[in-house]
Structures are given as structure tokens and as C-alpha cells.
Amino acid sequence: MLMLRCGLRVEEVAQLTLGALDLPRSQLFVYHGKGAKDRVVYLSHDAQQALLEYLKSRSFLRAKRLFWWIRAAARESHLGARYSETHGAVMHAKQGLKVCCHQLRHTMACQLLHADADLVTIQDLLGHSRIKTTQRYCQVSNLKVQRD
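Here's a quick rundown of the structure. All of these numbers come straight from a predicted model, not from anything done at the bench. (Residues numbered from 1 in each chain as written. Predicted model: local features only at pLDDT ≥ 70, side-chain atom pairs only at ≥ 80, totals over all residues. Heavy atoms only, no water.)

1. Quick word on the pattern of salt bridges
Taken as a whole and assessed by the stated rule, the structure comprises five salt bridges. For Arg39, the salt bridge identified is with Glu12, shortest N-O distance 2.8 Å. With a gap of 27 residues between them, Arg39 in strand β3 (residues 39-42) and Glu12 in helix α2 (residues 10-14) connect regions that are remote in the sequence. On the basis of relative accessibility, which here comes to 10%, the residue Arg39 falls in the buried class. Among the salt bridges present, the one from Arg25 reaches Asp22, with a minimum N-O distance of 3.8 Å. Judged by its relative accessible area of 15%, Asp22 is buried. If you follow the salt bridges from partner to partner, you end up with Arg9, Glu12 and Arg39 in one network. (Salt bridge = Lys/Arg side-chain N within 4 Å of Asp/Glu carboxyl O. Helix = DSSP H or I, 4+ residues; strand = E, 2+ residues; numbered from the N terminus. Buried < 20%, exposed > 50% of the residue type's maximum accessible area, 1.4 Å probe, protein only.)

2. What to know about helix α5 (residues 101-114)
Given a rise of 1.5 Å per residue, 14 residues ought to cover 20 Å, and the 21 Å separating the end C-alpha atoms of α5 matches this to within 8%. Residues Cys101, Leu104, Arg105, Met108, Ala109, Cys110 and Leu113 constitute the buried set of α5. Downstream of α5 by one or two residues, Asp116 has phi in the positive range, about 70°. (Expected span 1.5 Å × (residues − 1).)

In C-alpha cells form, the structure reads like this:
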């Protein structure tokens, strides 16, 4: 949900901490994203509701990391990026979908573009330093992208 609605990378989701959440403002702070860049992303209503439900279920943990999983040896460990990608691929395959986690980021960018968001705003939310990277995400054939 965070990758789709907030445009987060797999590694950014895996590294999230409780301190990165600002639920009253519906914000999430991404610290040291790709290229060691920090940015703020905004939680959609459905992403915030899903996150609140998740937080209720993990309330017994005192860990600072947001996402945890239980190993077979019954030891807790923080969620790693490789595990996230593998688990996501398995879940998608079971549902007959051919989707990788990074495509969720592309989908978010395209949805914002179709909702008439400025290309520069999308660039900031995705944490891109070059506008050309954002244009690739949003399928440059779109006339709005070319105009912006």
C-alpha cells in the first residue's frame, strides 16, 4: 500500500521507523532514500487506514522499525528489502499477476499525472533529482508530461 500510494521504493519501506510517521498530518518522512536524499510523502486516506490497522496488530513490539516479521526460529527481525520483493512476487504469482514492487511506484506516478498533478510535484514525491527520470515514469507519450 505504501509503495502504491506513497511511491516508496522497496528499500525505503524496509527502512521505515515509527519516528518517520506523522499521522496527524498524514505525512511520512523518508530519511536517506536513494542517493541519501530525505523527502516527505503524504499518506492517502486508505494508506493511512491500512497503516493504523497494521500498527494495532504490532503494538506488542517495542522495535523502532515499522515492519517486522517472525522467522522460523521464532526470532523477530526487521523486514528486509529482498524479503519484501520475494514475498511480493510470491503473492502476486498466487493471484496470477505479473507485477514487481517497483511497478507500484510507476503506477502512483501515472495516477498523480492523470489527476493533473504537476510533473515537478511528482518529481519531489518520488525523490528524483532529474525531471527526465520522472518523465520516464509517467510515459513521455502523454501530452501533459511533454507540455510540463
